[in-house]
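A closer look at the structure
One-letter residues, chain by chain:
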Amino acid sequence: MSELSISTTQNVTINFKAASVGERMGASLLDFFIKIAYAIVVGYVFFYLMGIGDLVSNVDMWSRMSVILFFFFPIVIYSVTLESIFEGQTIGKKLLKIKVVKIDGYQASFGDYLIRWLFRIVENNLMGGLIGLVAMIVNSKTQRMGDVAAGTAVITLKNNITINSTILEEIGDAYLPIYPLVIKLSDNDMRIIKDTFLVAEMKNDFDTIDKLTKKIENVTGIKNQSGFQIDFIKTILKDYNFYTQNM
């Protein structure tokens, strides 16, 4: 399993494990079975029990194709829709704990998922999916052509990680938060803040800590009440955990 290094906008490198070809194929297979199950249910309910199949058999070919496309269109847009809703995961990816991410540290957008979906039409349908498989095998980050075009990669979420490598902070039951506006930030924002802060604190890089403090204040509207930037950032991390755990 290859390692994937993502450089954030704060020039912090975060290491992930790229999902293996087997994991990606397994997720695709699970998604395929889900699509087949949907097709069977829709075909049985609408075209057999409700007799829509008999009705469309008497119309012209284009009308018949339009009706079929209407009922089975969810299969066509399955991956791009679910990846957009679940932030880089389909049901198959969720079950195998893998996820689509941007290699520049940002959350992938709908446009990125759309590019991957458009390339999937070519990669998975030509030569029985061999094009996509070969692309993943020869790429060091197991990226297929759609990933390369969209600037994305698929990572595994099965890493053995400690609390220091997540956005989680240990807070007691009696903890009292100070900055409620911290909920303006996202999980991805907090991961970047924590990773940046830990590296800067370890290196005594007070310039980066100062810039990080000012960035947090500008984005959230929070003002540092402690006077000490290190204490401020630690409080921000704890407050975020307090509010998100109790929402």
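The rules behind the values
Residues numbered from 1 in each chain as written. Predicted model: local features only at pLDDT ≥ 70, side-chain atom pairs only at ≥ 80, totals over all residues. Heavy atoms only, no water. Axes fitted to C-alpha atoms, helices over the stretch in contact; angles between N-to-C directions. Helix = DSSP H or I, 4+ residues; strand = E, 2+ residues; numbered from the N terminus. Parallel < 35°, antiparallel > 145°, perpendicular 65-115°, else oblique. Left-handed = near helix turned anticlockwise from the far one by under 90°. Contact = heavy atoms within 4.5 Å. Nonpolar A, V, L, I, M, F, W, Y, C, P; charged D, E, K, R; others polar. Expected span 1.5 Å × (residues − 1). Bend = angle between axes of the 7 residues up to and from the residue. Buried < 20%, exposed > 50% of the residue type's maximum accessible area, 1.4 Å probe, protein only. 1 Å grid on protein atoms, 1.4 Å probe; cavity = no way out; pocket = protein on both sides within 12 Å on 5 of 7 lines; lining within 4 Å. Points joined across faces, edges and corners; volume = space filled by probe spheres on them. Salt bridge = Lys/Arg side-chain N within 4 Å of Asp/Glu carboxyl O.

Focus: the packing of helix α1 (residues 21–49) against helix α7 (residues 130–138)
In contact at an axis separation of 10 Å, α1 and α7 are set at 150° when each is read in the N-to-C sense. Considering the angle they form, α1 stands roughly antiparallel to α7. Remark: the crossing between α1 and α7 carries right-handed chirality. For the pair α1 and α7, the contacting residues are V21, R24 and M25 in the first and L133, M136 and I137 in the second. Of the residues belonging to the contact of α1 with α7, the class tally is 5 nonpolar, no polar and 1 charged.

Observations regarding α1
Look at α1: 41 Å from first C-alpha to last across 29 residues, which is about the 42 Å you get at 1.5 Å a residue. At G43, α1 shows its strongest bend, of approximately 25°. Turning to α1, its buried residues are V21, E23, R24, A27, D31, V42 and G43. Phi for G51, located one or two positions after α1, is positive at around 75°.

Some words on unusual backbone geometry
Notably, E87 is not glycine yet its phi reads approximately 55°, a positive angle. Positive phi, normally seen in glycine, also occurs at N204, with a value near 55°. Here N204 shows up in the loop between α9 (187–202) and α10 (206–220).

Some words on the layout of surface pockets
In this model, the second largest pocket occupies a volume close to 830 Å³. For the second largest pocket, the lining is made up of 30 residues, of which S28, F32, K35, R120 and N124 are closest to its centre. Of all the secondary-structure elements, those providing two or more residues to the lining of the second largest pocket are α1, α3 (61–76), α4 (78–85), α6 (110–125) and α7. Looking at the lining of the second largest pocket residue by residue, the classes come out as 14 nonpolar, 8 polar and 8 charged.

With respect to the pattern of salt bridges
A full pass over the atoms with the stated rule returns 10 salt bridges. The closest approach of N and O atoms between E83 and R116, which form a salt bridge, is 3.1 Å. With a gap of 33 residues between them, E83 in helix α4 and R116 in helix α6 connect regions that are remote in the sequence. Of the charged contacts in the structure, one is a salt bridge between E201 and K234, with a shortest N-O distance of 3.6 Å. Taken together, the residues E201 in helix α9 and K234 in helix α11 (residues 229–245) connect sequence positions 33 residues apart. When its relative accessible area of 28% is taken as the criterion, E201 is described as partly exposed. When salt bridges with common partners are traced through the structure, they connect R24, E83, K93, R116, R120 and D147 into a single cluster.

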